[in-house]
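Architecture and fold: a report
If you want the building blocks of each chain, they are given just below.
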Amino acid sequence: MSGAALGIEIVVVFFLALFLLHRYGDFKKQQRMVLFGTLLAWYLCFLIVFILPLDVSTTIYRQCEQDHKEQASVPALVSPLSNRTIVNTTAAPTKSVRTLCHKPWSYIPDGIMPVFWRVVYWTSQCLTWLLLPFMQSYARSGGFSITGKIKTALIENAIYYGTYLLIFGSLLIYVAVHPELRLSWYELQTIGITAANTWGLFLLVLLLGYGLVEIPRSYWNSSRHGHLLVKTYFKASKLMTEKADAEENLEDVMEEVRKVSESIKYNHPLRKYIDTILRKCPLDYQEKMGRNMDDYEDFDDKQNTYPTEKSLVKLHKQVIYAVQRHNRTRVQWQILLQQAIHLEDVAKNETSSTHQFVHSFPSSEPAGWFSRYIYTPTVGGKNAFILKGF
């Protein structure tokens, strides 16, 4: 089993990350680079959690072996015989009890874990500070060319990279002016690691205080269905306002796209940019604009004021943001609506005399084996009745 546990966990964690990405993502719509970056980021995060116990057990075993070697290397201390006769001063010899070191099944051979942790750490650093922020800004950019998207992504990440460079520069100046320290490649790596850890600890301090209080409180309040239902109603009213605002914003942006699309015809040099913007619009808006579009009208026949490429880049970015916001609020509204309906069903079934859980809106999907054989409507009704008693 030497190293077999490490290999098995590496393979299992990879398929776990792949399953979660398939569950929450869409392989058909997403770009291959986006899927690869997300899969690699999730894979490394899960690897740290699953491989750490193996590393700890291996370290404990090696420490036990090292202690035994040190005990075996210490020679027995023999006191020289003295000519004097000392009465009642003899002491019984003590025996050191040696514990056996049991080799764990998860033992990892020497030389593997240092290389493994270096690969995981530096790959995570590149993903955190370079690849993922750049890909996020690149996807949201309104540029029509690769060069324009890269330029926009670099400008948007200037503040993000600037905070890291500020910490890195401060530590670099400290090392440069310190008389006992000298700059080398190893010191630069140490400064980079320190700067990254400083940024992470700063965020941890800001978020940990809120999480330590809010997470236990949310789990405690989740058992209070009445309180949770009132809170869900409040969230629904707030989300409804945000959803209406997102729909109104999408309508305004689509109206602007329609006007620009009607002004720039098929033989205009900027028409390819309009086609790119239209592909980012929802399908129903694309059909409306396609019906109202007359591609056979020559743009030179009228003296219209045409938009510039810079304004189209701005409009493209607005379309991307408006569509993403609309889709996000729509999905959040559906999830919150299902949660509110479920809590209302729980409140109704708490007072039911049949002790059988009845759904107001039965699901159209077929019930799984867990719902058919284990968590049946009778079991759900009894649980609601028990919660009512508490």
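Since we're looking at a predicted model, the values are computed, not measured.

Conventions we followed
- Residues numbered from 1 in each chain as written.
- Predicted model: local features only at pLDDT ≥ 70, side-chain atom pairs only at ≥ 80, totals over all residues.
- Heavy atoms only, no water.
- UniProt positions renumbered as here; feature names shortened; annotations may be inferred.
- Helix = DSSP H or I, 4+ residues; strand = E, 2+ residues; numbered from the N terminus.
- pLDDT = per-residue confidence, 0-100.
- Contact = heavy atoms within 4.5 Å.
- Buried < 20%, exposed > 50% of the residue type's maximum accessible area, 1.4 Å probe, protein only.
- Disulfide = S-S within 2.5 Å.
- Axes fitted to C-alpha atoms, helices over the stretch in contact; angles between N-to-C directions.
- Left-handed = near helix turned anticlockwise from the far one by under 90°.
- Nonpolar A, V, L, I, M, F, W, Y, C, P; charged D, E, K, R; others polar.

**Concerning the UniProt feature "coiled-coil region" (unreviewed entry) in the chain**
Under the present numbering, the feature "coiled-coil region" (unreviewed entry) in UniProt falls on residues 236–263. Along residues 236–263, the helical share is 100% and the strand share 0%, with 40 Å between the first and last C-alpha atoms.

**Describing the confidence of the model for the chain**
Of the residues in the chain, 78% reach a pLDDT of 70 or more, and the chain-wide mean stands at 78. Element-level pLDDT for the chain is lowest in helix H12 (residues 377–389), with a mean of 49, against a maximum mean of 90 in helix H1 (residues 4–24). Predicted confidence is poor over residues 76–95, with pLDDT under 50, and the contacts of this stretch with residues over four places away or in other chains come to 0 contacts. Long-range and interchain partners of residues 384–390, a stretch whose pLDDT sits below 50, account for 9 contacts in this model, where long-range means more than four residues apart.

**Quick look at the side chain of Asn221**
You can see Asn221 is positioned in helix H6 (residues 185–221). Classification of Asn221 as buried rests on a relative accessible area of 12%. Excluding residues within four positions of it along the chain, Asn221 makes contact with His227 and Leu228.

**Quick word on the environment of Glu156**
Note that Glu156 resides in helix H4 (residues 146–156). Taking C-alpha positions, Glu156 is 9.4 Å from Pro133, a pair spaced 23 residues apart along the chain.

**Focus on the state of the cysteines**
Enumeration over the complete set of coordinates arrives at 1 disulfide. What pairs with Cys64 in a disulfide is Cys101, and their sulfur atoms sit 1.8 Å apart. Negative torsions about the S-S bond denote left-handed disulfides, and the value of about -80 degrees found for Cys64 with Cys101 makes this one left-handed. Placement of Cys64 in helix H2 (residues 32–73) and of Cys101 in the loop between H2 and helix H3 (112–140) is noted, with a sequence separation of 37 residues between them. Under the relative-accessibility criterion, Cys64 is labelled buried at 17%.

**As for the packing of H2 against H3**
Angle between the axes and distance between the axes: these two values describe a pair of packed helices. One way to put it is that H2 packs onto H3 with a least axis distance of 10 Å and a crossing angle of 145 degrees. In terms of crossing hand, the pair formed by H2 and H3 is left-handed. Each of Met33, Val34, Gly37, Leu40, Ala41, Leu44, Leu47, Ile48, Ile51, Leu52 and Asp55 in H2 lies in contact with H3, whose residues at this interface are Met113, Phe116, Trp117, Val120, Thr123, Ser124, Leu127, Leu131, Leu132 and Met135. Residue composition of the contact of H2 with H3, grouped by class: 17 nonpolar, 3 polar and 1 charged.

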